[in-house]
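The chain contents come next:
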Amino acid sequence: MVQKSDPNSKLIAENRRARFDYHIESDLEAGIILLGSEVKSLRQGGSNIAESYASVEGGELWLINGYIAPYREAKTWGHEERRRRKLLVSKKELSRLWNATAREGMTIVPIRMYFNDRGIVKIKLGIAKGKKLADKRETSAKRDWDREKARLLKMSKRD
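Reading the values: the criteria
Residues numbered from 1 in each chain as written. Predicted model: local features only at pLDDT ≥ 70, side-chain atom pairs only at ≥ 80, totals over all residues. Heavy atoms only, no water. Helix = DSSP H or I, 4+ residues; strand = E, 2+ residues; numbered from the N terminus. Rg over C-alpha atoms; globule rule 2.2 N^0.38 Å. Buried < 20%, exposed > 50% of the residue type's maximum accessible area, 1.4 Å probe, protein only. Contact = heavy atoms within 4.5 Å. Areas by Shrake-Rupley, 256 points an atom, 1.4 Å probe, with all protein chains shown as cover. Lys, Arg positive; Asp, Glu negative; His and termini not counted. Charge placed at Lys NZ, Arg CZ, Asp CG, Glu CD. Arc of directions from axis to C-beta. Pairing = 2+ DSSP bridges.

Student: Explain the overall build of the chain residue by residue, including any values.
Tutor: Counting secondary structure elements, the chain contains 4 helices and 9 strands. When the elements of the chain are put in sequence order from the N terminus, they spell out β-α-β-α-β-β-β-β-β-α-β-β-α. Radius of gyration (C-alpha) of the chain: 19 Å, far over the 15 Å computed for a compact globule of 159 residues. Burial status across the chain gives 35% buried among its 159 residues. Taking as baseline every contact in the chain between residues at least 6 positions apart, the subset at least 24 positions apart corresponds to 69%. With an accessible surface of roughly 10,800 Å², the chain has 50% of that area assigned to carbon and sulfur atoms. Taking the 35 positively charged and 22 negatively charged side chains of the chain as two groups, their mean positions are separated by 2 Å.

Student: Residue-level account of helix α2 (residues 36–44), with values.
Tutor: All buried positions along α2 are accounted for by S37, E38, S41 and L42. Within α2, the buried residues cover an arc of 140° as seen down the axis, which keeps them to one side. The secondary structure elements touched by the buried residues of α2 are β1 (10–14), β3 (47–48), β6 (67–68), β7 (85–88), β8 (107–115) and β9 (121–130).

Student: Mind laying out the pairing of strand β5 (residues 60–64), listing which residues take part and the relevant values?
Tutor: The buried fraction of β5 is high, at 4 of 5 residues. Sheet analysis places strand β4 (residues 53–57) next to β5, joined by 5 bridges and oriented antiparallel. Along β5, the bridge assignment pairs S55 with W62. Between β4 and β5, which pair antiparallel in sequence order, lie 2 residues; one of them, G58, sits at a positive phi of approximately 60°. One ladder, built from 3 bridges, connects β5 with β7; its direction is antiparallel. Within the sheet, the bridge partner assigned to W62 lies in β7 and is K86.

Here you go:
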């Protein structure tokens, strides 16, 4: 039986560069506190998390430099496009994130922002360590080889 995709669950924004620039050690899902005009703007698809990051400050987790386009119909009661937004995680996760960033030198990068099956905005965060230039070259070479290998296999199946 074919399952229908839920109309509420939808990808809003993806940080494709994160996997190239960082070694993602682990990931977690977090909620995000938004204004009404921000949610409506996200439903229209105006968002970018490519240059953003998350930070633990004052016992809270914040998304910094995430862009949500202004919602035109809100006019006077709109929102700031690049304001800091509070992320919602459990205290246990928060302490784990603080340990990773403060003690181990890791970075918290947003990977995906999406509507879950209930229509609530969620953000997938990755706990990551930055890659060196040589690692980036290695990743790029591996990706190129995988493409070449797939192309060769496809060609051999035709014959």
